[in-house]
Amino acid sequence: MAILAANWKMNGSLALVQAFAETKMHFAHSAHELLFFPPFPLIQALQQAFEGAPSLQVGAQNVSQYEAGAYTGEVSAAMLAEQGLSHVLVGHSERRLYFGETNDIVAVKALRAQAHGLVPVVCIGESLAERESGQTFRVLNAQVQALAEAEVQLRDGLLLLAYEPVWAIGTGLAASPAEISQVHAHIHTCLAELVDESDSTISILYGGSVNANNIEAILAAPHVAGALIGGASLKVDEFSRMAV
Ligand code: PEP
């Protein structure tokens, strides 16, 4: 069983929720664990749409680094937990790029999530320039190291990692299964150096232009626990084909 996480980003509407509601029994019988990350205003509607299908889990796309208070526009981990959410995306490359989220901010967000019983899905990955200059492992090491230094619990079940090379997101250019396996193996090695050997079993998802045509090969690659899917998760038919 793999984990398939649908990141709707700033897309979707009540009509899309309705379309997913109509397909919920198909999703409920998926061989995979399905997580949905709609924008905040659609969370409650999607939870209601999935009533009676407890295997379909709903999460948020972002969480504040602050606990509570005068932070207009922010949403706290406590609020997400009270809403009955299980997971939250943290440190997506779009948040890092457009909203200035550093490795340290991402780590604090992951800590906040864990403190409220949410599983952070922490996104890491290198840009094209970093890959082309041979910096991929250095960048990933720093991203994982920041989590360890902030004392984020790097334990299976308490955190998920998503390896999302920035150059593969929304470009149609997915990393190859061999490239993904190599990087995931490296991340596991990095984790093993940071936590007890027995705890270095954290699931690592791959994200970046996953679609119905390439998902099978990606999920079959060694060290791949699942996929984080953006564009293709907005198409009910295509996501249905992936979630068989
Ligand atoms: C994402 O945004 O996390 C993502 C993987 O997007 P896409 O599948 O569209 O590349």
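Refer to the structure presented above.
Residues numbered from 1 in each chain as written. Predicted model: local features only at pLDDT ≥ 70, side-chain atom pairs only at ≥ 80, totals over all residues. Heavy atoms only, no water.

*Asks:* Explanation requested: unusual backbone geometry in the structure shown.
*Replies:* Leave glycine aside and you will find that most residues have negative phi; peptide bonds, for their part, are mostly trans. Not every positive phi belongs to a glycine, and Glu 151 is a case in point at roughly 65°. By the element assignment, Glu 151 lies in the loop between α8 (136–149) and β6 (160–163). Overall, Glu 151 belongs to the exposed group, its relative accessible area being 65%. Backbone geometry at Ser 209 places phi at a positive 60°, although glycine is not the residue there. As for its position among the elements, Ser 209 is in the loop between β7 (204–207) and α10 (215–220). (Helix = DSSP H or I, 4+ residues; strand = E, 2+ residues; numbered from the N terminus. Buried < 20%, exposed > 50% of the residue type's maximum accessible area, 1.4 Å probe, protein only.)

*Asks:* What is the right way to read the site of the ligand from this model?
*Replies:* Taken together, 14 residues surround the ligand, and among them Lys 9, Glu 164, Gly 170, Ser 209 and Gly 230 come closest. Within the contact set of the ligand, an oxygen atom lies 2.9 Å away from a side-chain nitrogen or oxygen of His 92. With respect to the ligand, the backbone of Ser 209 contributes an N or O atom lying 2.8 Å from an oxygen atom. Look at the ligand: alone it shows 290 Å² of surface, and the protein chains cover 96% of it. (Near = heavy atom within 4 Å. Polar contact = N/O pair within 3.5 Å; in protein donor to acceptor, adjacent residues only side chain to side chain. Areas by Shrake-Rupley, 256 points an atom, 1.4 Å probe, with all protein chains shown as cover.)

*Asks:* How do you make sense of the pattern of salt bridges when you look at a structure like this?
*Replies:* For side chains of opposite charge, pairing can occur when their charged atoms come near one another. One pass over the full model with this rule turns up seven salt bridges. One salt bridge in this structure joins Glu 94 and Lys 9, with 2.7 Å as the shortest N-O distance. Taken as a pair, Glu 94 in helix α5 (residues 93–98) and Lys 9 in the loop between β1 (3–7) and α1 (14–22) lie far apart in primary sequence, 85 residues in all. Put simply, Glu 101 and Lys 109 hold a salt bridge, and the shortest N to O gap is 2.7 Å. Residues joined by salt bridges that share partners form a network here, namely Arg 95, Glu 101 and Lys 109. (Salt bridge = Lys/Arg side-chain N within 4 Å of Asp/Glu carboxyl O.)

*Asks:* I keep staring at the state of the cysteines and nothing clicks. Help me out?
*Replies:* Throughout this description, disulfide means a covalent bond between two cysteine sulfur atoms. Counting across every chain of the model gives zero disulfides. Cys 123 carries a free sulfur, and the closest cysteine sulfur to it, the one in Cys 190, is 16 Å from it. (Disulfide = S-S within 2.5 Å.)

*Asks:* Hey, could you run me through the packing of aromatic side chains in this one?
*Replies:* For any two aromatic rings, the description comes down to two numbers: the centre-to-centre distance and the angle of the planes. This structure, assessed with the given rule, holds ten aromatic pairs. Ring geometry for Phe 20 and Phe 239: centres 6.4 Å apart, planes at 50°, overall tilted. Here Phe 20, found in helix α1, pairs with Phe 239, found in helix α11 (residues 236–242); they are 219 residues apart in sequence, far enough to count as distant. Each of the two residues, Phe 20 as well as Phe 239, counts as buried. In this structure an aromatic cluster arises from ring pairing among Trp 8, Phe 20, Phe 27, Phe 36, Phe 50 and Phe 239. Residue placement shows Arg 95 over the ring face of Phe 99; its charged tip is 4.1 Å from the ring centre. (Phe/Tyr/Trp six-rings, centres within 6.5 Å; stacked < 30°, edge-to-face > 60°. Lys NZ or Arg CZ within 6 Å of the ring centre and 35° of its normal.)

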